[in-house]
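For reference, the chains in residue letters:
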Amino acid sequence: LGVGYDQYISYTYGFISKLNIDGEPEWEGRYGLDERRAGFTSVVESEIGYLCSGWITFDGTDSAIWLVSFDRRGNVIQDVSIPVEVFGGCSCWDMIETPDGNILITGSIWDDRQYQNNGVLLLKVNQDFEIVSTEVFSGVEFSSATSILSNPDHTYTIFGRVGLIDLRGSDNAYENGLMLTTTA
């Protein structure tokens, strides 16, 4: 099962494709709304089928977390966007299922200009995509998350980066790794 996005002229749509054991497509689909930008970044299998997370924009500027559940044939069961008011402009990068059956999602918070990552988000939702808890890690400026792993001691490690790219040609550009361990 693969997820991503499909660009069509100036719009992007979430894309999901399921392959059989021989690598041939069983089904695939493009999801989202016209005149919006959207994409999937992560997928987990669940009892009902598949849960996908990604990003969606509604006005061309603020991006929000987008959660979609699918049955095993690719039909949408539920389509939810987390309100921008929860984290501000943000993007989702990875998710995992927790031992209690909830979903833990990590991503990046954008600065006011939607230009630079400026914090790491941790969102816990249930299987119906209702918010269980939220956490923001913004102590490290220009930080962003890329993946999350579950540890045997019931903690979670978020991997990402800390970076500033100065497009004005300054020598103030840098990029470092980020590792953050937390409980859910």
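What counts as what
Residues numbered from 1 in each chain as written. Predicted model: local features only at pLDDT ≥ 70, side-chain atom pairs only at ≥ 80, totals over all residues. Heavy atoms only, no water. Helix = DSSP H or I, 4+ residues; strand = E, 2+ residues; numbered from the N terminus. Buried < 20%, exposed > 50% of the residue type's maximum accessible area, 1.4 Å probe, protein only. Contact = heavy atoms within 4.5 Å. Areas by Shrake-Rupley, 256 points an atom, 1.4 Å probe, with all protein chains shown as cover. Pairing = 2+ DSSP bridges. Axes fitted to C-alpha atoms, helices over the stretch in contact; angles between N-to-C directions. Phe/Tyr/Trp six-rings, centres within 6.5 Å; stacked < 30°, edge-to-face > 60°. Lys NZ or Arg CZ within 6 Å of the ring centre and 35° of its normal. Disulfide = S-S within 2.5 Å. Polar contact = N/O pair within 3.5 Å; in protein donor to acceptor, adjacent residues only side chain to side chain. Core = buried A, V, L, I, M, F, W, Y, C linked by side-chain atoms within 4.5 Å. Salt bridge = Lys/Arg side-chain N within 4 Å of Asp/Glu carboxyl O.

Scanning the protein from terminus to terminus reveals one helix and 14 strands. For the protein, the residues scored as buried account for 44% of the 184 residues in total. Taking the intrachain contacts of the protein between residues at least 6 apart in sequence as the baseline, contacts between residues at least 24 apart amount to 41%. Of the roughly 9,900 Å² of accessible surface on the protein, 48% is carried by carbon and sulfur atoms.

We now examine the sheet that holds strand β6 (residues 63-70). Strand order in this open sheet of four strands is β4-β5-β6-β7, and the pairing throughout is antiparallel. The open sheet is flanked by β4 (38-45) and β7 (76-81), the only strands paired with a single partner. Taken over all neighbouring pairs, the strand axes of this sheet differ in orientation by 20° on average, direction set aside. Here strand β5 (residues 50-57) pairs with β6 via eight bridges, running antiparallel. Bridge assignment links G54 to a residue of β6, and that residue is W66.

This structure, assessed with the given rule, holds five aromatic pairs. Members of the aromatic cluster, connected to one another through ring pairs, are Y31, F40, W66 and F70. One cation-aromatic arrangement involves R72 over Y50; the distance from NZ or CZ to the ring centre is 5.6 Å.

Attention now moves to the state of the cysteines. Inspection of every chain in the model, using the stated rule, returns zero disulfides. Residue C92 stays outside any disulfide, its sulfur separated by 8.3 Å from that of C90, the closest cysteine. Owing to a relative accessible area of 0%, C92 belongs among the buried residues under this scheme.

We now examine the pairing of β4. Regular strands place side chains that alternate from one sheet face to the opposite one. Pairing analysis gives seven bridges linking β4 to β5, with the strands arranged antiparallel. Directly across from E45, in β5, lies its bridge partner Y50. Connecting β4 to the antiparallel partner β5 that follows it, the hairpin turn spans four residues, and G49 within it adopts a positive phi of roughly 155°.

Its location among the elements puts T157 in strand β13 (residues 156-164). Within the structure, the side chain of T157 is placed 2.9 Å from the side chain of N151, a separation counted as a polar contact. Sequence-distant contacts of T157, defined by excluding residues within four places in its chain, comprise S147, I148, L149, N151, M179, L180 and T181.

Before going further, it helps to spend a moment on the nonpolar core. In this structure, I65, I105 and L123 are the most contacted members of the largest nonpolar core, which totals 17 residues. Breaking this core down by element, the ones donating at least two residues are β6, β8 (90-97), β9 (103-110) and β10 (117-125). Those residues in contact with I105 that lie beyond four places of it in its chain are L67, C92, D94, M95, L121, L122, L123 and V125. Ranked by size, the runner-up nonpolar core spans 11 residues in total, among them I16, F40, Y50 and I56.

With that settled, the discussion passes to the environment of V136. Relative to the helices and strands, V136 resides in strand β11 (residues 131-137). Of the residues examined, V136 reaches a relative accessible area of 40% and is grouped as partly exposed. As a C-alpha pair, V136 and L121 span 15 residues in sequence and 4.7 Å in three-dimensional space. Once residues lying within four places of it in the same chain are set aside, the contact partners of V136 are F87, I109 and V120.

On inspection of all chains with the given rule, the structure shows three salt bridges. Across the salt bridge formed by E26 and K18, the nearest N and O atoms sit 3.7 Å from each other. A relative accessible area of 46% places E26 in the partly exposed class. Relative accessible area serves as the criterion here: at 18%, K18 is assigned to the buried category. A salt bridge links K124 to D100; the nearest nitrogen and oxygen atoms lie 3.2 Å apart. Placement of the pair is K124 in strand β10 and D100 in the loop between β8 and β9, with a sequence separation of 24 residues.

Keep in mind these numbers describe shape, not what the thing actually does.
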